[in-house]
Amino acid sequence: MRTAIATVSLSGTLTEKLTAASRAGFDGVEIFENDLLASRLAPEEVRERCADLGLSIDLYQPMRDMEAVPEEEFSRNLRRARRKFEVMRRLGADTVLVCSSVHAAAVDDDELAARQLSQLADLAQEFGIRVAYEALAWGRHVSTYDHAWRIVEAADHPALGTCLDSFHILSRGSDPKAIADIPGEKIFFLQLADAPLLAMDVLQWSRHYRCFPGQGGFDVAGLVRHVLRAGYDGPLSLEVFNDVFRQAEAGPAAVDAHRSLLVLQESLGSVELPGPVVPTGVAFAELVTPDAEPVSEVLGALGFARTARHRSKPVDLWEQGEARVLVNTGPAVRREGTGLAAIGLESPDPAGAARRAEALLSPVLPRRRATTDAPLDAVAAPDGTELFFCATGRPELPDWRGDFEDVVHTATTPGVHAASGYGAHPATAPGAHVATGSGVPAATGRGARDVTGLGTQDAPGLGAYTATEPGACAPKQPGAHARTTPGGQAASEPDAQDTPAPDAHTATTPGVHTATEPGAPAATRPRAHTAPKPDAQDTTAPGAQNTTAPDAHTAPTPHVTRIDHLALVQPWHQFDEAALFHRSVLGLSAQESVDVADPYGLLRSRAVANGDGSVRIVLTVGAAPRDDTVHAQHIALATDDVVAAARRFLAAGGRLLPIPANYYDDLAARFEFADGELETYRELGILYDRDAHGEFRHCYTRTVGRVFFELVQRDGGHRGYGAQNAPVRLAAQHLTGG
């Protein structure tokens, strides 16, 4: 079917709107009168511009307050209409939208309305124009589509038909079934808009909160089915009044709009697209940073091991359980620091997922890669995050991990940083080569910004170093072998041999952080937790800083099992677009949007997930255009024992977000806990929630750049994300600076 969009739905000048509509793939436009009045182009020039862009002008609108008025007023209306019809003839537009009257002088007289609309149609016919009469949901006397049709039917004029608008029909709760009884040739035009389900004045609802189909709560597809059943063969046209869209860049908004119509047509069976390929897991999350040391320290404290390095780029792979984080020392903006740049999604059919994305106007991003690099396809989400379609450990498909070479670890000695991350120069075993890398991905704007380490561009290599003496490092020459540290052997993890003190506190030495504050009582294990394992507690040699690296070869049983979810901060004007993108392009299911109280405003949040919860993404946006620069993204890590994971993180020198004591006083009033359980949560800064499906325990690290980590324990099938606790977390982050 042909597609069109009203110029009022996009921001910018009329020329900008027309260009955006054409580039997005629309066939035609509705010219909104105010856009023409504000344009420097004459109607003939607008007509020529549309022709050059391949756009038809399908409707001119609106013409208001024409019918059911006193004769003197109607005479003035006909004079006004004649002038407008002359303009339309110059534009080349052959259909005008006439809205049901809201004029104070309008009377409740269907016979008068039909007679005056017939006279208007007589005049329009002289100019080769048709009149499409629409019932406004707030019309003074005509506010429903069936009432408008009765008047059109009574007028019985060939140049008079009806215009159906999904918002006006569905916002009033009208049953669209009767649309099928209207002759298709008398449905002159169809306007489509969705909207969130709100309890508010319908006029304000319409003027500020409309959105594109699939972004709200209306059954737009169901309504369109009735219209098509009636025999309508005109365009599917979008008319969306939305404060956010009017401020958003016209190009991306037009693409989002056209995508919504493609998805709508797919649901109607009128267009065939490559089917959705729902991701089955998270292969990796990639962080881009100008300085890898801070985030590497956090990952090490969380129990991750630096296991591999990209063969040609400055990208390290950190792993724990099935959780994988890439740390890319790429050209991140220094004032913003570390950021989440890319997500690898496990896909049963990566090529099919890419075809689906391209069919829905999300082209595969261009990538510059070595001939030996895995041929991975990626697309850009609306916020610029790159989404890679991956296959991990499947012999029949390219494996992105083949681009990485294993990192060999050995022990460090007191006073030497652990052999993990940047700034920590590992000593290698005799004869072992250190994996070196080169290449810094390019950073550009949306859709081609800093591409993942699996991505675009190469840059000069970064030197690798090996430890020659405690505290010293020497350049590693290609082909050279590293000297070993004294003893020549890698030490085992301390948590594989240390035993915790009887009171369940970590045995420490002076200057080393402990898992509990000095003088704090021994924590009683809460229900649903097992007793602390010896390998959850680290002892540290005097004066040392994290004396052993997390080592893939000697790692303990991981506390982190996988990535539970990722939280992405959306640009203020792309929240609805992001929800539609993740639902339509990726095949994820969207939950209802929720509002979360921040100390400085309200945040909107909406989660999308696959069926089994192995892929969960939370989309958030601030209450004002600049709010998205304040709130950080985060990576939530699943664990079977959040208490043990938190203790190990603290024992390794990590810092958790402190939670106010008042929160735990309220928690005690809301829930009952086993003896000592609440005290443990208070001690460690663990937050708690419970729903019909189970329990949710979680805590947060301090923020590094624009990213922080969350440790999450879900019990009994809990499906939420701790929204009840989000205001407390946000306030704590504001208070502590992250």
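Computed from a predicted model, the values in this text were never measured in an experiment.

1. Regarding the overall build of the protein chain
Point 1. Assigned secondary structure in the protein chain consists of 17 helices and 29 strands.
Point 2. Restricting the contact set of the protein chain to residue pairs at least 6 apart, pairs at least 24 apart contribute 75%.
Point 3. Carbon and sulfur atoms make up 50% of the accessible area of the protein chain, which totals about 29300 Å².

2. Structural notes on the side chain of E346
Point 1. For E346, the position within the fold is in strand 13 (residues 339-346).
Point 2. There is a polar contact of 2.4 Å between the side chain of E346 and the side chain of T392.
Point 3. Apart from residues no more than four positions distant in its own chain, E346 is found in contact with P279, T280, G281, V282, A283, R324, C390, A391 and T392.

3. Considering the sheet that holds strand 11 (residues 315-320)
Point 1. With mixed pairing, eight strands are arranged side by side in an open sheet as 14-15-13-9-12-11-10-16. Every interior strand has two partners, whereas the edge strands, strand 14 (377-380) and strand 16 (404-406), have only one. Within this sheet the neighbouring strands show an average axis-to-axis angle of 30 degrees, counted without direction.
Point 2. With four bridges connecting them, strand 9 (residues 281-288) and strand 12 (residues 323-328) associate as parallel partners. Looking across to strand 12, one finds that A285 is bridged to V325.

4. Concerning the packing of helix 4 (residues 71-91) against helix 5 (residues 110-126)
Point 1. Put simply, helix 4 and helix 5 touch, their axes get as near as 10 Å, and they point 25 degrees apart. Between helix 4 and helix 5, the angle is such that the two are roughly parallel. Classified by chirality, the crossing of helix 5 by helix 4 is right-handed. Listed contacts from helix 5 to E71, F74, L78, A81, R82 and F85 of helix 4 are L112, R115, Q116, Q119, L120, L123, A124 and E126.
Point 2. Among the residues making up the contact of helix 4 with helix 5, the classes are represented as eight nonpolar, two polar and four charged.

5. What to know about the packing of aromatic side chains
Point 1. Applying the stated criterion across every chain, the model contains 16 aromatic pairs.
Point 2. Taking 5.4 Å as the distance between ring centres and 80 degrees as the angle between the ring planes, the aromatic pair formed by F167 and W205 counts as edge-to-face. Residue F167 is located in helix 7 (residues 166-170), and its partner W205 is located in helix 8 (residues 202-209); the two are separated by 38 residues in the primary sequence.
Point 3. Classification of W205 by relative accessible area gives buried; the value is 7%.
Point 4. On the basis of an interplanar angle of 85 degrees and a centroid distance of 5.9 Å, the ring pair of F673 and Y681 is categorised as edge-to-face.
Point 5. By relative accessible area, which is 18% here, F673 ends up buried.

6. What about the confidence of the model for the protein chain?
Point 1. Mean pLDDT over the protein chain works out to 82, with 78% of the residues at or above the 70 mark.
Point 2. Across residues 411-452, confidence stays below pLDDT 50; counting only partners more than four residues off in sequence or on other chains, it has 167 contacts.
Point 3. Considering only residues more than four positions removed or in separate chains, one finds that residues 455-555, a stretch of pLDDT under 50, has 215 contacts.

7. What about the sheet that holds strand 4 (residues 95-99)?
Point 1. Strand order around the closed barrel formed by eight strands is 1-2-3-4-5-6-7-8, with parallel pairing between neighbours. Within this sheet the neighbouring strands show an average axis-to-axis angle of 30 degrees, counted without direction.
Point 2. Judged from the five bridges that link them, strand 4 and strand 5 (residues 130-134) form a sheet pairing that is parallel. Among the inter-strand pairings, V96 is bridged to a residue of strand 5, identified as V131.

8. Focus on the pairing of strand 13
Point 1. Strand 13 sits mainly inside the fold: eight of its eight residues count as buried.
Point 2. When strand 9 meets strand 13, the two strands line up antiparallel, connected through seven bridges. From the neighbouring strand, L287 faces strand 13, where its bridge partner is L340.
Point 3. Sheet topology places strand 13 next to strand 15 (residues 386-390); five bridges connect them, and they run parallel.

9. A word on helix 8
Point 1. Listing the buried residues of helix 8 in full gives V202, W205 and S206. The buried residues of helix 8 occupy an angular sector of 95 degrees when the element is viewed end-on, so they sit on one face.
Point 2. On the buried face of helix 8, the contacting elements are helix 7.

10. Some points on the nonpolar core
Point 1. Membership of the largest hydrophobic core comes to 82 residues, with the highest contact counts inside it found for F26, V29, I31, F85, V98, Y133 and L192.
Point 2. Counting 78 residues, the second largest nonpolar core, distinct from the first, contains A357, L387, V642 and V704.

11. A word on a nonpolar patch on the surface
Point 1. A cluster of nonpolar side chains, contributed by L198, M200 and Y209, occupies part of the molecular surface with about 240 Å² of accessible area.
Point 2. Counting through the fold element by element, M200 comes out in the loop between strand 7 (187-192) and helix 8.
Point 3. Judged by relative accessible area, M200 falls into the partly exposed class, the value being 33%.

12. So, the pattern of salt bridges
Note on pairing: side chains with opposite charge can pair once their charged atoms come close.
Point 1. Taken as a whole, this structure holds 32 salt bridges when the rule is applied.
Point 2. Here the residues in one salt-bridge network are R311, K313, D373 and D403, joined through shared partners.

13. Comments concerning a negative patch on the surface
Point 1. On the surface, D108, D109, D110 and E111 cluster together into a negatively charged patch.
Point 2. Mapping E111 onto the fold places it in helix 5.

14. A few points about the environment of V712
Point 1. The topology assignment puts V712 in strand 29 (residues 707-715).
Point 2. Among residues more than four places away in sequence, those in contact with V712 are D564, H565, A636, L637, A638, T639, F696, R697 and H698.

15. Remarks on the pairing of strand 26 (residues 633-639)
Point 1. Burial runs high along strand 26: seven of the seven residues are buried.
Point 2. By the alternation rule, side chains of strand 26 split into Q633, I635, L637 and T639 and H634, A636 and A638, which are all buried.
Point 3. Summarising the sheet, strand 21 (residues 560-569) and strand 26 pair through six bridges and their orientation is antiparallel. Pairing of R562 across the sheet is with A638, part of strand 26.
Point 4. Bridging between strand 26 and strand 29 involves six bridges; their strand directions are parallel. Within the sheet, the bridge partner assigned to Q633 lies in strand 29 and is V707.

About the criteria used
- Residues numbered from 1 in each chain as written.
- Predicted model: local features only at pLDDT ≥ 70, side-chain atom pairs only at ≥ 80, totals over all residues.
- Heavy atoms only, no water.
- Helix = DSSP H or I, 4+ residues; strand = E, 2+ residues; numbered from the N terminus.
- Contact = heavy atoms within 4.5 Å.
- Areas by Shrake-Rupley, 256 points an atom, 1.4 Å probe, with all protein chains shown as cover.
- Polar contact = N/O pair within 3.5 Å; in protein donor to acceptor, adjacent residues only side chain to side chain.
- Pairing = 2+ DSSP bridges.
- Axes fitted to C-alpha atoms, helices over the stretch in contact; angles between N-to-C directions.
- Parallel < 35°, antiparallel > 145°, perpendicular 65-115°, else oblique.
- Left-handed = near helix turned anticlockwise from the far one by under 90°.
- Nonpolar A, V, L, I, M, F, W, Y, C, P; charged D, E, K, R; others polar.
- Phe/Tyr/Trp six-rings, centres within 6.5 Å; stacked < 30°, edge-to-face > 60°.
- Buried < 20%, exposed > 50% of the residue type's maximum accessible area, 1.4 Å probe, protein only.
- pLDDT = per-residue confidence, 0-100.
- Arc of directions from axis to C-beta.
- Core = buried A, V, L, I, M, F, W, Y, C linked by side-chain atoms within 4.5 Å.
- Patch = residues over 30% accessible without salt bridge, like charges linked within 9 Å, V, L, I, M, F, W, Y side chains within 5 Å.
- Salt bridge = Lys/Arg side-chain N within 4 Å of Asp/Glu carboxyl O.
- Lys, Arg positive; Asp, Glu negative; His and termini not counted.
- Charge placed at Lys NZ, Arg CZ, Asp CG, Glu CD.

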